[in-house]
Amino acid sequence: MDPVTQSAQISSSQGFADGQNSATKESKLSAKDLIHWRDPKKSGVAFGLSLLMLLSLAAFSIISVVSYLLLALLCVTITFRIYKSVVQAVQKSNEGHPFKALIDKDVSIAPESFRKHVDASLTYINRALKQMSHLFLVEDLVDSLKLAVVMWLLTYVGAVFNGITILILGGNICSHLLFQTQIDQYIDLARTQVNTTIAKLQEKLPGAVKRSKTE
C-alpha cells in the first residue's frame, strides 16, 4: 500500500475515533450537568418529564404508557409532515422531506462502542454475582443476617409503597438535595450583594460620616 494512502487512512481513523470520544465525553458531561442542576431549566424539564413518566406508570400499565407516548409522537410527526407537504404544494417549492436531515443521520451503534459498554456492564454483573454468592451461600454469617434483616424490613416498606412510589419519592428527595447546593450558592450571592449595598449606603449617610470623624 502507498505510504501516503496508509497515513491518510490512519489519520482519518484517528479523527473518527477522536470524534466518537469527544461525542461520548459531551454526552457524559451533559448528563452530569443535568443531574447536578448546573442548568436549572434543562434539569427542570428533564426532572418534570421523568416525574410525569413515573406518575403515569403509577396510574397506568407500562404498555398503556408506552403506547400513548408513541401515539403522541406519531401524531406530532404525521401532522408536521402533512403541514409541510401542504405548504410546499401551495408555495410550489421543492424542499423535500421535512425530516430528511434526521433520516440521513447515522443512528447505528458502532461495534467498538457496543463492546465497550458490554465489557463495562459485565464488570458490574460479575461483581454483583460474586456478592450474591457471598451473601446467599452464607460465606459470612453476619453479612447474610444483615441482608435477611434488610429484606424483612423491606417487606413492610413494600406493603405501604409500591416500586413506582418509592422511585417518585427518591427522585424528589435526590433532586431537592442536588438543587439545594445551587440554591445555597444563589443565597450566598444575594447575601453578599445585600451586605455590600448596605455598607455603601452607610458610608454615604451623614451620621456614618460624623461617627467616623469622632472616632
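Residues numbered from 1 in each chain as written. Predicted model: local features only at pLDDT ≥ 70, side-chain atom pairs only at ≥ 80, totals over all residues. Heavy atoms only, no water.

**Some words on the packing of helix α5 (residues 111–136) against helix α6 (residues 141–160)**
Part 1: Interaxial distance between α5 and α6 falls to 8 Å at its minimum, and their mutual angle equals 95 degrees. It follows that α5 is roughly perpendicular to α6 by the angle criterion. Here H134, L135 and F136 of α5 lie close against α6, whose contacting residues are D143, S144 and L147.
Part 2: Residues belonging to the contact of α5 with α6 are distributed by class as follows: three nonpolar, two polar and one charged. (Axes fitted to C-alpha atoms, helices over the stretch in contact; angles between N-to-C directions. Helix = DSSP H or I, 4+ residues; strand = E, 2+ residues; numbered from the N terminus. Parallel < 35°, antiparallel > 145°, perpendicular 65-115°, else oblique. Contact = heavy atoms within 4.5 Å. Nonpolar A, V, L, I, M, F, W, Y, C, P; charged D, E, K, R; others polar.)

**Quick word on the UniProt feature "transmembrane region" (unreviewed entry) in the protein chain**
Part 1: Summarizing the sequence annotation, UniProt attributes the feature "transmembrane region" (unreviewed entry) to residues 51–83 and 149–170 in the numbering used throughout.
Part 2: The straight-line gap between the two end C-alpha atoms of residues 51–83 is 32 Å; of that span, 94% is helix and 0% is strand. (UniProt positions renumbered as here; feature names shortened; annotations may be inferred.)

**Looking at helix α3 (residues 62–91)**
The α-helix winds at 3.6 residues per turn, so residues separated by three or four positions along the chain end up facing the same way.
Part 1: Along its 30 residues, α3 runs 43 Å from first to last C-alpha, staying within 8% of the 44 Å computed at 1.5 Å per residue.
Part 2: Looking at the residues trailing α3, positive phi occurs at K92, about 55 degrees. (Expected span 1.5 Å × (residues − 1).)

**Here we look at the packing of aromatic side chains**
Part 1: Taken as a whole and judged by the stated rule, the model has two aromatic pairs.
Part 2: Judged by centre distance (5.5 Å) and plane angle (45 degrees), the ring pair of F80 and F99 falls under tilted. Here F80, found in helix α3, pairs with F99, found in the loop between α3 and α4 (100–104); they are 19 residues apart in sequence, far enough to count as distant.
Part 3: By relative accessible area, which is 37% here, F80 ends up partly exposed.
Part 4: Given a relative accessible area of 23%, F99 falls into the partly exposed group.
Part 5: Between W152 and Y156, the ring centres sit 5.2 Å apart and the planes meet at 85 degrees, which makes this aromatic pair edge-to-face. Of the two residues, W152 and Y156 both sit in helix α6, four residues apart, roughly one turn of that helix. Here the two residues W152 and Y156 agree in accessibility, since each one is exposed. (Phe/Tyr/Trp six-rings, centres within 6.5 Å; stacked < 30°, edge-to-face > 60°. Buried < 20%, exposed > 50% of the residue type's maximum accessible area, 1.4 Å probe, protein only.)

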